[in-house]
Amino acid sequence: MVHATTTAAGHLAAWQARAGALPPVLAEALEVCAQNGVNERECGDVLDLLAMLGCDAQTQAAALWFEVARIHPLVWEQRAASLPEELQRLVAGQVAAERVWHLHAQRPPEGGSEGLRRLLLAIIRDLRVVFVLLARQLARMRAASTLPESERQELARLTRDIHSPLANRLGIWQLKWELEDLAFRYLQPDTYKRIAKLLDERRGDRENFIREALADLGRALQAGEIRADLAGRPKHIYSIWKKMQRKALEFSDLYDIRAVRILVGSVADCYGALGVVHALWPHLPGEFDDYVARPKSNGYRSLHTAVIGPHGKTLEVQIRTHEMHRANELGVAAHWRYKEGGSGDADFEAKIAWMRKLLEPRNDDGELAADLQTELLEDRVYVLTPRGEVVDLPHGATVLDFAYHVHTEVGHRCRGAKVNGRIVPLTYQPHSGDRVEILTAKAAEPSRDWLSVHHGYLNTSRARDKVRAWFRRSAHEANLAAGRALFERELKRLAIPDMDLARLPALFNLQTHDEVLIALALGEISPGQVARVLQESQQPPEPPGEPLPTARPTVFDHSAISIEGVGNLLTVLARCCQPLPGDPVRGFITRTRGVSVHRANCASLARLARRDPDRVIEVSWGQAAAQAYEVTIQLNGYDRKGLQKDVVGVISNANVGIIASSSRLFARTGEVEMRYTLRVRDFEQLSSLLDRLTALPNVVETRRVGAG
């Protein structure tokens, strides 16, 4: 988007003269702007608006520095390093927002606005940037009459689609109404002029009516001993048109063209004044809203009523306290407090979280009210399709998760992905603002490796369920064979000897051994879980020379499990999922055995939770649960530069300690054999580590070296 840059000499100097002594950070920004020919009139307007919103000098300076960065990027690059880091972040947020404006210009005006607003909020980490964006956009709209028609239309569409809804979410009515009216004026000039003419034609009669109503109301409030400030309420052309459209009314049928506002000292006086109004004039049924007891989602508070006033004409009355009025006009900016350093201010962080929630899209006020009682929702990532559509994913989702989110068939046929034009692995986790393109094959052919949590292909349960469903539809014998291969591979690489498997199905709440193998093939249970159950049932125990994860008692000592808010409860490890220390766990209150502890992703727990959600409780491993075991693994493959470094890196990233290591190179064949003695937490961690090592280039096999 191109913006006007003509200067109005002396405008910033005049603003500085009005403002008086300035903080150094703002004075420096003003000096640089004056030296580099920024649009002084627009910048002065932005500074006035930010001051009205109560923004600090750092925020005002960031607004000026962004103009310098936009017009003279070399000047910004030379000066940025010497500026406070916080100020640099505020400028970076504005630069990121410009990319969203560019995306908006490329999209059809009727689609995707909500997604772009959400993308904007995802890439802006400091909410003060939003205040700057709103102030700058209003300053640009005020000066838009001097722009070419195409540019003016683009600016107005951006205001309508992005800035006005943001101002509404934040409850900044002073900016919201003006942004809406200016956008409406340029996008629908004929309708705007028609409503403006109707308002102007009846202005005299309306003003006389308001004066008479205020006089009657003032006398009634005085008789009721309620001190109040009274005023006529301005009507905005866009809101009039929107109400005409929503209620299918003509201009003459609108009851709130005539409106007054009552400002009182307390909430009690609000309801007292309401009683006076309804005693003075008959009220219209169904036209009363109590936003004091039930505020709007953006914090707006006021009493609204409509009455039949003097001469039988309808009149809208708004009643609020002076504090409510200030908060309504400035929205969250009225509550904003800028942090003066330190990172442990819980109250401040809670206020930031609350403000972020106001900016999130909501279906209804009830949903927002419920969410405000909890912590912030899980972070989301907002990425773009090749056509510019915004897709939101859970934090940590991969490009393969993205493919399944777009369409199940796209996921099944996925063979690769590009992020911002660069080919990436399917395990790549995109960031907000990335453009993701999925490369597909003609035929659907998901891989069973996608179901393994250790491989990291899929991090959303929705995508994993779609892959499982695809394999369930495939041949029963193929699933059985794949499960058997996984099972035998796990026995071999973890060096677990053959044993009686008759009890295995019951430990997973299944009927037959074949069902265990199929569940293993579909990723419903992991190879590590199977190996752990087998190890716990193994007799006799391993010799002392090489301790392995040994069976733990089904009933735990109290210190091993911590139950939130409850003490002295019996805890029992669930046999279906066999949780071990370090696993994410949740508890289920049984009728006879105390609290049954399950892995957090246990399918049996999910079924129990659907049936009795009130009996699910939060639990965690206590200090007594921390253990470690020594185990030796062997890795076979073909030598390459950096192989040993990569192996050590994978082990370190898995939080596994190395006790000893050795390697042997067979020069004639290029084969390499490496051995590592490790300290692991449990079989689950060992199984995951072996999966990650096997995925390294040139690695052929990894396995645990058995006791014998």
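Residues numbered from 1 in each chain as written. Predicted model: local features only at pLDDT ≥ 70, side-chain atom pairs only at ≥ 80, totals over all residues. Heavy atoms only, no water.

- Under the annotation held in an unreviewed UniProt entry, the chain carries the name GTP pyrophosphokinase and is attributed to Dyella acidiphila.
- Regarding the chain, the UniProt comment filed under Function (unreviewed entry) reads as follows: "In eubacteria ppGpp (guanosine 3'-diphosphate 5'-diphosphate) is a mediator of the stringent response that coordinates a variety of cellular activities in response to changes in nutritional abundance."
- The chain has a UniProt comment under Sequence similarities (unreviewed entry) that states "Belongs to the relA/spoT family." (UniProt positions renumbered as here; feature names shortened; annotations may be inferred.)

## Describing helix α14 (residues 267-280)
At step 1: With 14 residues, α14 should cover 20 Å at 1.5 Å per step; its first-to-last C-alpha distance of 20 Å lies within 8% of that length.
At step 2: Restricting attention to buried positions, one finds in α14 the residues C270, A273, L274, V276 and V277. Along the axis of α14, the buried residues cluster in a sector spanning 165 degrees; they form a single face. The outward face of α14, more than 90 degrees from its buried face, is lined by the exposed residues A268 and A279. (Helix = DSSP H or I, 4+ residues; strand = E, 2+ residues; numbered from the N terminus. Expected span 1.5 Å × (residues − 1). Buried < 20%, exposed > 50% of the residue type's maximum accessible area, 1.4 Å probe, protein only. Arc of directions from axis to C-beta.)

## Points about the confidence of the model for the chain
At step 1: Taken as a whole, the chain shows an average pLDDT of 76; of its residues, 73% reach a score of 70 or greater.
At step 2: Across residues 1-9, confidence stays below pLDDT 50; counting only partners more than four residues off in sequence or on other chains, it has 21 contacts. (pLDDT = per-residue confidence, 0-100. Contact = heavy atoms within 4.5 Å.)

## Looking at the nonpolar core
At step 1: Counting residues in hydrophobic clusters, the biggest one holds 56 residues, and the most contacted among them are L50, L64, W65, L134 and L175.
At step 2: For this core, the secondary structure elements donating two or more residues are α2 (24-35), α3 (40-52), α4 (57-71), α5 (73-80), α6 (85-106), α8 (128-142), α9 (149-170) and α10 (173-187).
At step 3: A total of 10 residues in this core trace back to one element, the largest contributor, which is α8.
At step 4: With near-sequence residues (within four places) excluded, L134 lies in contact with H163, L166, A167, L170, I172, L175 and L179.
At step 5: Grouped together as the second largest cluster of nonpolar side chains are 37 residues, V467, F471, L504 and A519 included. (Core = buried A, V, L, I, M, F, W, Y, C linked by side-chain atoms within 4.5 Å.)

## What to know about the sheet that holds strand β1 (residues 228-232)
At step 1: Pairing is mixed across the open sheet formed by 5 strands, whose spatial order is β1-β2-β5-β4-β3. Each edge of the open sheet is held by one strand with a lone partner, namely β1 and β3 (289-290). (Pairing = 2+ DSSP bridges.)

## Some remarks on the packing of aromatic side chains
At step 1: In total, this model carries 8 aromatic pairs according to the counting rule given.
At step 2: Seen in terms of ring centroids, F184 and Y238 are 5.6 Å apart; in terms of plane orientation they differ by 70 degrees. Their pairing is edge-to-face. Of this pair, F184 sits in helix α10 while Y238 is found in helix α13 (residues 237-247), placing the two residues 54 residues apart along the sequence. In this structure, F184 and Y238 share a single accessibility class: buried.
At step 3: An angle of 35 degrees between the planes, with centres 5.9 Å apart, marks the rings of Y238 and W241 as tilted. Of this pair, Y238 and W241 both sit in helix α13, 3 residues apart, which is roughly one turn of the helix. We note that Y238, like W241, is buried.
At step 4: The rings of F184, Y192, Y238 and W241 are connected pair by pair, giving a single aromatic cluster.
At step 5: Sitting over the face of the ring of W177, K176 holds its NZ or CZ atom 3.7 Å from the ring centroid. (Phe/Tyr/Trp six-rings, centres within 6.5 Å; stacked < 30°, edge-to-face > 60°. Lys NZ or Arg CZ within 6 Å of the ring centre and 35° of its normal.)

## Thoughts on the packing of helix α18 (residues 399-406) against helix α20 (residues 461-473)
At step 1: It is the contact of α18 with α20, at a shortest axis distance of 9 Å, that shows an interaxial angle of 70 degrees. Classified by the angle between their axes, α18 and α20 sit roughly perpendicular to one another. When α18 is examined against α20, the residues D401, Y404 and H405 are found in contact with a partner set consisting of R462, A463, K466 and V467.
At step 2: Per-class residue counts for the contact of α18 with α20 are 3 nonpolar, 1 polar and 3 charged. (Axes fitted to C-alpha atoms, helices over the stretch in contact; angles between N-to-C directions. Parallel < 35°, antiparallel > 145°, perpendicular 65-115°, else oblique. Nonpolar A, V, L, I, M, F, W, Y, C, P; charged D, E, K, R; others polar.)

## Remarks on the pairing of strand β8 (residues 414-419)
At step 1: In the sheet, β8 pairs with strand β10 (residues 436-440) via 5 bridges, with the strands oriented antiparallel. In the sheet register, K418 faces β10, and the bridge partner there is E437.
At step 2: The sheet contact formed by β8 and strand β9 (residues 422-424) spans 3 bridges and is antiparallel. Each residue of the ladder has a partner; that of A417, found in β9, is V424.
At step 3: Counted between consecutive antiparallel strands, the loop separating β8 from β9 contains 2 residues, among which N420 sits at a positive phi close to 55 degrees.

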